[in-house]
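Summary of structural features
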Amino acid sequence: MTTSLRKNSIMMVLYEVLTLIVPLVLTPYVSRTIGASGIGIYSYSFSVVSYFVIIVQLGVKLYGRREIAKVNDDITKYSVVFWEIFSIQTVMFILASLFYVFFLFEFYEKSLLKLALCIQFIEIVVGYLDISWLFYGIEKFKVVLLRNVIVRLLEVAFVFLFVTDQTRQIQYILIMALSNL
């Protein structure tokens, strides 16, 4: 096993451990502070927006990673492939956004849930702007992992700082959406 491969493997394992620990720390705290209804609003709105994120990213992560890895050595081909894939992702983002806005205004009356769904639109933008497949394709794992670690730690800090009682449901949803952005 080469040193680079070993280092990348260790970083991936540490990141996976962090992704397991963060919910173990946050879940009991959030359950006590915003309660079951707050968690329910967040979970429901996140599950709805996740369908639209799937539309935006449909196959892009795997395909993009593979195609970038194929042309990794030629900067001209690399650039062309990146912009081709990103343009497909742009078209899917526009379509998903239009459907989401229609869905939002057609099926939900003015309520806390509608506000949560409006905030969760950030997740669709996140799905569009996510080019982690590019960094994985050029084998720059450290960039993605370092960013993710910093963001997860800030997410935990902001939740503990700003989500202090049941009236802070929207702040929780905003923190979770912005942490992905």
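All of the points below concern the structure found in this document. (Residues numbered from 1 in each chain as written. Predicted model: local features only at pLDDT ≥ 70, side-chain atom pairs only at ≥ 80, totals over all residues. Heavy atoms only, no water.)

Taking 1.5 Å of rise per residue, the 12 residues of helix H8 (residues 169-180) would be expected to cover 16 Å, and the 17 Å separating its terminal C-alpha atoms lies within 8% of that figure. Buried residues in H8 make contact with helix H1 (3-57), helix H4 (112-119), helix H5 (121-129) and helix H7 (141-162). (Helix = DSSP H or I, 4+ residues; strand = E, 2+ residues; numbered from the N terminus. Expected span 1.5 Å × (residues − 1). Contact = heavy atoms within 4.5 Å.)

Take the layout of surface pockets next. Approximately 640 Å³ is the volume attributed to the largest pocket. Only H1, helix H2 (60-70), H5, helix H6 (132-137), H7 and H8 provide two or more residues apiece to the lining of the largest pocket. Considering every element that reaches the lining of the largest pocket, the biggest residue donor is H7, with 6 residues. Residue classes in the lining of the largest pocket are distributed as 12 nonpolar, 7 polar and 6 charged. Lining the second largest pocket are 15 residues, and of these Val22, Pro23, Leu26, Glu155 and Met176 lie nearest its centre. Where the lining of the second largest pocket is concerned, the elements lending two or more residues are H1, H7 and H8. When residues of the lining of the second largest pocket are assigned to their parent elements, the largest contribution, 10 residues, is made by H1. (1 Å grid on protein atoms, 1.4 Å probe; cavity = no way out; pocket = protein on both sides within 12 Å on 5 of 7 lines; lining within 4 Å. Points joined across faces, edges and corners; volume = space filled by probe spheres on them. Nonpolar A, V, L, I, M, F, W, Y, C, P; charged D, E, K, R; others polar.)

Under the defined criterion, the tally for this structure stands at 4 salt bridges. Residue Glu67 pairs with Arg66 through a salt bridge whose shortest N-O separation is 3.4 Å. On the accessibility criterion, Glu67 (14% relative accessible area) is buried. (Salt bridge = Lys/Arg side-chain N within 4 Å of Asp/Glu carboxyl O. Buried < 20%, exposed > 50% of the residue type's maximum accessible area, 1.4 Å probe, protein only.)

All right, on to the side chain of Glu123 then. Among the structural elements, Glu123 can be located in helix H5. Among buried charged residues, Glu123 stands out as having no salt bridge; its nearest opposite-charge side chain is Arg152, 8.0 Å away. Setting aside residues no more than four positions away along its own chain, Glu123 makes contact with Phe46, Val49, Val53, Met176, Ala177 and Asn180. (Lys, Arg positive; Asp, Glu negative; His and termini not counted.)

One way to put it is that helix H3 (residues 75-107) packs onto H4 with a least axis distance of 11 Å and a crossing angle of 170°. With respect to each other, H3 and H4 are oriented roughly antiparallel. For the pair H3 and H4, the contacting residues are Tyr100, Leu104 and Phe105 in the first and Lys114, Leu117 and Cys118 in the second. When its residues are assigned to classes, the contact of H3 with H4 shows 5 nonpolar, no polar and 1 charged. (Axes fitted to C-alpha atoms, helices over the stretch in contact; angles between N-to-C directions. Parallel < 35°, antiparallel > 145°, perpendicular 65-115°, else oblique.)

The next point concerns H3. For H3, built from 33 residues, the straight-helix expectation of 48 Å at 1.5 Å per residue is met to within 8% by its first-to-last C-alpha distance of 47 Å. Taken as a whole, H3 has its buried residues at Tyr78, Val81, Phe82, Ile85, Phe86, Gln89, Phe93, Ala96, Ser97, Tyr100 and Leu104. Buried residues along H3 sit against H1, H2, H4, H5 and H6. The N-terminus of H3 is capped by Asp74, whose side-chain oxygen sits 3.2 Å from the backbone nitrogen of Thr76. (Polar contact = N/O pair within 3.5 Å; in protein donor to acceptor, adjacent residues only side chain to side chain.)

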